[in-house]
Structures are given as C-alpha cells and as structure tokens.
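# Tertiary structure, described
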Amino acid sequence: MVHCAVQHDHRYAKACPSEQAAVVPTLSKRATPTPAPQQAKADDLPFVRKTFRGAGFSRDTTDILLASWRSATRKQYHSHQARWMQFCAGKEIDASKPTVSQLLDFMTYLFNKGLGYSSLTTARASVAPLLHQDNDVTRSPLVTRFLKGVFELKPPSARYPQIWDASVVLNYLRSLYPSSKLSLQQETYKLIMLLSLTTAQRLQTMSLLDLQQLQMEANRAVFHINTPLKQQRPGSKSTRVVLSSYPHDNRLDVLDVLTHYIAATRDKRGTESKLFISYKPPHKRVSTETLARWLRAVMKDAGIDTSIYKAHSTRAAATSLARHKGVPITDILEVAGWQSEKTFAQFYDKPIERGQNQFVHTLLQE
C-alpha cells in the first residue's frame, strides 16, 4: 500500500507515487489568516455571559466556560434564554431566582406554544446557567415530573415514519458519468451525495473535511478531523472519514470522484484548504446550509420528494438501505459514529419507501 503523510505547513500533501495522490494540489504560499472564533461564538449567549460576569468570573474564565457549549447548542440555548428573559420581564420575576412554580409556568407556556418533550428538555437546560448558584430550580423533582407528563401527553416521534430509497439516488448518480464530462457543479453535487451516502456522516462533518488533513493511499483516502464533533466527548478519539475505492462500478467510485474533484478545483481554491468550495466565483469554502441545499438539489433531481425529506435524511436512507442489505449493525454504528444501537433503531432504521416505479425499476435492473 502506498502511503503519503499530510504536511501541516499550509500545503496539501505532497504527491505520492499513487495515481490518486498525484492530484492533490499545493496551496499558495500566502499565509491564511487564523480566525479568532471563540469570542464571536461566545457572544451567542449574552445572557449567560452577563450572569457569569455578574458572579465575579473574569472575562477569560467566562470565555472558557462559554466555550463548553458548542455552536449548535449555543444557538438553541440563546433562543430559549431570550424567551425566558422576556417571560420574566412580563411577569416581574427575578430571572436568576425564580420559584419552581414560576419555572413550570414558563415551561407550560412553551408547551402551549407547541413545544414537545425534546424542546422543553433543552429549554430547562438553557435556563439553568442563568440561575443563582444556590437556586437551581431546574433540578427540582417537580420539573422532572412535569417533563414526564409532557412525554406522556406528546410522545417524541421520529421525523420520518419511512425513508426514501437510497438506491434510486445511486442510480441517478450513475448517470453523472464520466467525471471528465461533468461541469464543476455536477461534480460537486455528485461528490457531496456520494460522501453522504457512503459515510453516513453529518453535514457538520462534511463541512470540516480539509485537504490539509488528508491521506491519500493506493485504494482509499482518509480525512482526519481534529475539531470536536457533535457526538464526541472529552477524551474521545479524533474522527476519521475513510473513502474506499469501489472498482465494481466506476460510476459510483467515491475515491475516483474525489480525485477528479480535487483536480478540477486545484486552480480555483487558492489558499482555501476545505474540501468543498463554491462552484461559482469566488470559490470559497461553503457552510453546512449550502451543503444541505446541494443535497436537496440532488435528491430532487433524482425524484425524491424534498417537500417531505430534508438533507439530513441521507443518514437514515443510507443506513436503512445498508441494514436492509444485511450489513451488520456493528458496522453501521461504527461508520455512522453512533454509540448505541438504540439511537439507530429509534431514529434512523426506517422501512424503505418503495412505490410502483421503484418496483418496476428494481425488477428490470441489471
């Protein structure tokens, strides 16, 4: 096996003797400015910041405490905290020292607005950092009892009772071949969908794939992700995303598609090392929202009803099809990054939607 280590001096990996590695480009020598993300992200929780500073914590200590919540959690918390502060102002309640009854009134207000068990659990957690240290009413047995009542009245359910057939999208991707005949937009769409289906990873993971953290080998590519992901906890290993060659069908060989995509974007990306860049000028890195839009575009082109199914459904579609085809559950959990079989069974293992057209297509397939 040919192996090529990744250099970490703002260049991509040097060319390896393998055909795939030879296409990994070299970045411009211009230094890429290092962003200072923590301050901007910490400001997503202004109410918590004010609470911590009021409790006597220094600015630096407060920044570190706020960094314990990841970006998506901060956004969820901020929404609930803003509601809590507004609720308290309207009721003339001390937001840092509410009674259990006042907190339950707030949660009842949210329940009547349509929020379910999961959202109310998040709301409770979001209020806790705003409370005086000796007055954490969110831990009251009555609050726990209230949430159990919500669970009984409005049990949480999975978004989709069934899932679209991933083989339909795979058949569509087969039509996008050969790579040399595709536009950059088509190459981009094909790569993001193949990556999503063959790795069953979240969009957050896709957005973090970086050519500076790429190893190209003879029959596979390995992306190392050092940024903490949603499912990771302190002390856990860093994530690897492995893309293996699929010689049985060149039209669905994700390693081949990756190789062509890197070559096609070599002269467009400049100093940008993130794998996915905009296919329109200026060719900058893209957000998870853009990746989601690309996935929905592919799903729609393949005939999937995107008014029902969202981009995140690719995880359920891929893993459900793998389960249907007999892939061991342990392999599915490892690839998707799930710790528990219960998570897969409850939220992702779905019956596959197969209508008349899918039946005929499968019947006549080679």
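Our structure is the block above this text.
About the cut-offs
- Residues numbered from 1 in each chain as written.
- Predicted model: local features only at pLDDT ≥ 70, side-chain atom pairs only at ≥ 80, totals over all residues.
- Heavy atoms only, no water.
- Pairing = 2+ DSSP bridges.
- Helix = DSSP H or I, 4+ residues; strand = E, 2+ residues; numbered from the N terminus.
- Core = buried A, V, L, I, M, F, W, Y, C linked by side-chain atoms within 4.5 Å.
- Buried < 20%, exposed > 50% of the residue type's maximum accessible area, 1.4 Å probe, protein only.
- Expected span 1.5 Å × (residues − 1).
- Polar contact = N/O pair within 3.5 Å; in protein donor to acceptor, adjacent residues only side chain to side chain.
- Axes fitted to C-alpha atoms, helices over the stretch in contact; angles between N-to-C directions.
- Contact = heavy atoms within 4.5 Å.
- Salt bridge = Lys/Arg side-chain N within 4 Å of Asp/Glu carboxyl O.

## Examining the pairing of strand E2 (residues 220-225)
Across three bridges, the pairing between strand E1 (residues 214-216) and E2 is antiparallel. Counted as the bridge partner of Gln 215 is Val 222 from E2. Hairpin connection between E1 and E2: a loop of three residues separates the two successive antiparallel strands. Pairing analysis gives six bridges linking E2 to strand E3 (residues 239-244), with the strands arranged antiparallel. Bridged to Arg 220 within E3 is Ser 244.

## Here's the deal with the nonpolar core
Formed by 55 residues in total, the largest nonpolar core has its most connected members in Trp 164, Leu 275 and Phe 276. Looking at which element gives the most residues to this core, the answer is helix H9 (residues 184-199), with eight residues. Ranked by size, the runner-up nonpolar core spans 26 residues in total, among them Tyr 77, Ala 95, Ala 123 and Leu 130.

## Overview of helix H11 (residues 254-265)
For H11, built from twelve residues, the straight-helix expectation of 16 Å at 1.5 Å per residue is met to within 8% by its first-to-last C-alpha distance of 16 Å. For H11, the set of buried residues is Val 254, Leu 255, Val 257, Leu 258, Thr 259, Tyr 261, Ile 262 and Thr 265. At the N-terminal end of H11, a side-chain oxygen is found 3.1 Å from the backbone nitrogen of Leu 255, two or three residues along, and the residue is Asp 253.

## Observations concerning the sheet that holds E3
Pairing is antiparallel across the open sheet formed by three strands, whose spatial order is E1-E2-E3. Edge positions in the open sheet fall to E1 and E3, since each of these has one partner strand only. When strand polarity is set aside, the average angle formed by the axes of neighbouring strands in this sheet is 15°. The strands that H11 touches are E1, E2 and E3; relative to E3, the one it contacts most, it runs at about 100°.

## Some details on the pattern of salt bridges
Inspection of every chain in the model, using the stated rule, returns seven salt bridges. With a shortest N-O distance of 2.8 Å, Arg 174 and Asp 249 are connected by a salt bridge. Here the residue Arg 174 occupies a position in helix H8 (residues 166-175), and Asp 249 occupies one in the loop between E3 and H11, the gap between them amounting to 75 residues. Since its relative accessible area comes to 21%, Arg 174 is described here as partly exposed. The exposure class assigned to Asp 249 is buried, which follows from its relative accessible area of 11%. Taking the shortest distance from any N to any O, the salt bridge between Asp 210 and Lys 274 comes out at 3.1 Å. Placement of the pair is Asp 210 in the loop between helix H10 (203-208) and E1 and Lys 274 in the loop between H11 and helix H12 (288-302), with a sequence separation of 64 residues. Note on Asp 210: relative accessible area 10%, which makes it buried. For Lys 274, a relative accessible area of 14% gives the class buried. What you see here is one network of salt bridges that share partners, running through Arg 174, Asp 249 and Arg 251.

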